[in-house]
Amino acid sequence: MANTDCVSVRVFSLNCWGIRYLSKHCSQRYQMIGEMLCKEQHDIVLLQEVWSEKDFLYLKTKLASTHPFSHYFKSGVIGSGLAIFAKHRIHDTFLYRYSLNGYPYMAHHGDWFGGKAVGMAILNLAGLTANVYVTHLHAEYSREEDSYLSHRVVQAWELQQFIRHTSAGADVVIVGGDLNMHPQDLGCRLLMSYTGLRDSYVETAKFDGCENGMTLIADNLFISKNELIPFEKGIRIDYILFKGSSKTDIYCDFMCTTKGSVPGHPLPYSDHEALTAELRLESHVPAQTGSDKTQDAPKEKLAELVDTLTEARTEVKVGLHCAEKMRATAARTGMMGLALLFLELAIAAVPCFALGAEQPFPRISFYLLAALCFAILLTASLLYIFYTMELKSLQGAEDQMRLAVSSLQEKLRGFPVAQPHHAPQKVPRGDGALDPEE
C-alpha cells in the first residue's frame, strides 16, 4: 500500500452550556471561546448547546477570518444548539431530529424543548470527502433511576443508522458531540460496534488532559459534586470519533482536553471540558480484492453485535412497557375528567327540568369545577397522544433492531461449523436456530 497523500486535521468539540439568562457568565464565556478559537485555528469546530442564534452570529462574526464557513442547525422550540465552523468550504448540510427526546412535562430538564438532533456537513479536505457529524443526546440526570435510558438507546440507534446510511460515499467520517453516555454504556457500545467508529481518546498516540479523558469533572467551577454521584472525580461523556474508508486510513496523533478554569481567566469555557483531536489522514489506492467487508467480519464481532442489539431491544421493550402503562393512566384520567364534566352538565341541567329548583352549588364554584374538569380532560388527551407517539417510535426502533438481529444471525449461520468427519452433513432445523423474535 503506497501512500499518495497525507493531511492533518485538527478537530475541536465543546458543549458550550449556552442557555441565555440561565447559564452562568454566558456572554463572558462566549467571548473566551471566540478568542480561543481564533488563536488555535482548528480545522473543524463542533459546538453543542449554542441555544441562542444571537450567540452563534456573534461567534460567526468573531471567527470570520479564521473559520469563514459555518452552519447553525435549527430544530425544536429553542433550536438544536448544534453549530459547525470550518476552515474548509461546507458543500452540503442535513439535520436529522431524533424521534424520541424526553417528555414535555419535564420542563425543568428541558431536553424535549431543545429538539435534540444530529447535524451533518460534507466538507472537502484536500480532495477527500469528509462527512462531519455533530450531535447532542438526551442527558442522564440520574444513574440509578434513569427514566430516559430507552430514549437515549433509541437516539443512539438512530444516530448509527443515520451515519451508516449517509456516509457510504465518504472517505472520512468524523463525529463529535456530547453523547451523555459513558464509554461502556449500552448506547455507546451500539454506536461504536455498528458503525466501526473509533474513539480518539482510546486511539490517540499522545494525550494531555483530565484523568481518563473525563469531560465532566469535579474541579470545574460550574459543576456540583452531587451531579457526579457516584463518580467522585468525574465522567467521560463527550467524544470525538472517526473512521476511514477503503481509500483513506485515519490516525489520531494527539488529543487533549481542557482542565477546568482557563489559564489567565477565573472561569472555564463551560461546565463541560473541551476536546481537541489531531487526526492524520493518509489516502492510498484501494486494493482490488473484491472482498465483502461484511462477510469478512470476524464471527466473534458479529456475535458480540448480536448480544449488544439484543440488550438494546430488551431496554427498548422496557421503555415500551412503561409507555403503555403511562398511556393507560392518561386514558383513565381522561375518562375521569370526561365523567366529571358530564356530571357537571347534569347538575347544571337540574334547574331546567325541575321548576323552581335552585342551583345546588354557588355559581363561582360550579364554574371553577367545570374549568378543572376541562383542564384534566385536555391534559389527559394531550398526554395520551404524546404517549401514543412515543409507543410508535419505540415500536419502530424495536422492529428495526429485530430485523438487524435476524440479518446478523443469518450471517453467523453462514460461517462454517467444524464437524467430525464421520458425522453426515445435515440441513439445519428451524427449532435449533436462534429466533430473532425472542
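Structure first, text after, so check above.
Cut-offs used in this document
Residues numbered from 1 in each chain as written. Predicted model: local features only at pLDDT ≥ 70, side-chain atom pairs only at ≥ 80, totals over all residues. Heavy atoms only, no water. Pairing = 2+ DSSP bridges. Helix = DSSP H or I, 4+ residues; strand = E, 2+ residues; numbered from the N terminus. Contact = heavy atoms within 4.5 Å. Axes fitted to C-alpha atoms, helices over the stretch in contact; angles between N-to-C directions. Salt bridge = Lys/Arg side-chain N within 4 Å of Asp/Glu carboxyl O. Buried < 20%, exposed > 50% of the residue type's maximum accessible area, 1.4 Å probe, protein only. Phe/Tyr/Trp six-rings, centres within 6.5 Å; stacked < 30°, edge-to-face > 60°. Patch = residues over 30% accessible without salt bridge, like charges linked within 9 Å, V, L, I, M, F, W, Y side chains within 5 Å. Areas by Shrake-Rupley, 256 points an atom, 1.4 Å probe, with all protein chains shown as cover. Parallel < 35°, antiparallel > 145°, perpendicular 65-115°, else oblique. Left-handed = near helix turned anticlockwise from the far one by under 90°. Nonpolar A, V, L, I, M, F, W, Y, C, P; charged D, E, K, R; others polar. Core = buried A, V, L, I, M, F, W, Y, C linked by side-chain atoms within 4.5 Å.

1. Examining the sheet that holds strand β13 (residues 238-243)
Sheets are built from strands paired through backbone hydrogen bonds, the pairs being either parallel or antiparallel.
Here is step 1 of the chain: Here we have 6 strands laid out as an open sheet, ordered β5-β6-β7-β8-β13-β9, and mixed in their pairing. Bordering the open sheet on either side are β5 (90-97) and β9 (198-199), each of which pairs with just one other strand.
Here is step 2 of the chain: In this sheet, strand β6 (residues 117-125) lies alongside β5 in antiparallel orientation, the contact comprising 7 bridges. Pairing of leucine 95 across the sheet is with glycine 119, part of β6.
Here is step 3 of the chain: Strands in contact with helix α4 (residues 149-166) are β5, β6, β7 (128-136) and β8 (172-178); relative to β7, the strand with the most contacts, it is inclined by about 165 degrees.
Here is step 4 of the chain: Its contacts with the sheet put helix α5 (residues 186-195) on β9 and β13, and the angle it makes with β13 is roughly 15 degrees.

2. Remarks on the pattern of salt bridges
Here is step 1 of the chain: Applying the stated criterion across every chain, the model contains 20 salt bridges.
Here is step 2 of the chain: The closest approach of N and O atoms between arginine 10 and glutamate 40, which form a salt bridge, is 3.5 Å. With a gap of 30 residues between them, arginine 10 in strand β1 (residues 3-15) and glutamate 40 in helix α1 (residues 26-40) connect regions that are remote in the sequence.
Here is step 3 of the chain: One salt bridge connects glutamate 311 with arginine 189, and the closest N-O pair in it is separated by 3.2 Å. A residue pair is termed long-range when its members are at least 10 positions apart, and glutamate 311 in helix α8 (residues 299-353) and arginine 189 in helix α5 qualify at 122 residues.
Here is step 4 of the chain: Its relative accessible area of 38% is what places glutamate 311 among the partly exposed residues.

3. A few points about the packing of aromatic side chains
Here is step 1 of the chain: Under the counting rule described, the total for this entry stands at 16 aromatic pairs.
Here is step 2 of the chain: Pairing tryptophan 17 with phenylalanine 222 gives two aromatic rings, centres 5.2 Å apart and planes at 50 degrees, and the pair type is tilted. Note that tryptophan 17 is positioned in the loop between β1 and α1 and phenylalanine 222 in the loop between β11 (216-217) and β12 (234-235), a separation of 205 residues in sequence.
Here is step 3 of the chain: Overall, the relative accessible area of 17% leaves tryptophan 17 in the buried class.
Here is step 4 of the chain: Ring centres 5.9 Å apart and planes at 85 degrees place the aromatic pair tyrosine 133 and phenylalanine 162 in the edge-to-face group. Within this pair, whereas tyrosine 133 is found in strand β7, its partner phenylalanine 162 is found in helix α4, the two being separated by 29 residues in sequence.

4. What to know about a nonpolar patch on the surface
Here is step 1 of the chain: A surface patch of nonpolar side chains, amounting to about 620 Å² of accessible area, comprises Phe374, Leu378, Leu382, Tyr384, Ile385 and Met389.
Here is step 2 of the chain: Tracing the sequence through the fold places phenylalanine 374 in helix α9 (residues 363-413).

5. Overview of the packing of α4 against α9
Here is step 1 of the chain: The geometry of α4 relative to α9 is characterised by a closest axis approach of 11 Å and an angle of 55 degrees between their N-to-C directions. As judged from the angle between their axes, α4 and α9 are oblique. The chirality of how α4 crosses α9 is left-handed. On α9, the residues touching Ser150, His151, Val153, Val154, Trp157 and Gln161 of α4 are Glu390, Leu394, Ala397, Gln400, Met401 and Ala404.
Here is step 2 of the chain: A breakdown of the residues in the contact of α4 with α9 according to their chemical character gives 7 nonpolar, 4 polar and 1 charged.

6. Some details on the nonpolar core
For soluble globular proteins, nonpolar side chains are generally found buried alongside one another.
Here is step 1 of the chain: Membership of the largest hydrophobic core comes to 28 residues, with the highest contact counts inside it found for Val11, Ile44, Ile84, Leu123, Leu279 and Leu281.
Here is step 2 of the chain: Once you skip the residues sitting within four places of it in the chain, leucine 279 turns out to touch Val7, Ser8, Val9, Val11, Ile174, Ser200, Phe242, Ile250, Tyr251 and Cys252.

7. Brief notes about the packing of α4 against α5
Here is step 1 of the chain: Running from N to C, α4 and α5 point in directions that differ by 15 degrees, and their axes come no closer than 8 Å. In terms of orientation, α4 and α5 fall into the roughly parallel class. Both α4 and α5 take part in a crossing whose hand is right-handed. Contact with α4, carried on its side by Val153, Ala156, Trp157, Leu159, Gln160, Ile163 and Arg164, involves Leu186, Gly187, Leu190, Leu191, Tyr194 and Thr195 of α5 and no other residues of that element.
Here is step 2 of the chain: Residues that form the contact of α4 with α5 fall into these classes: 9 nonpolar, 3 polar and 1 charged.

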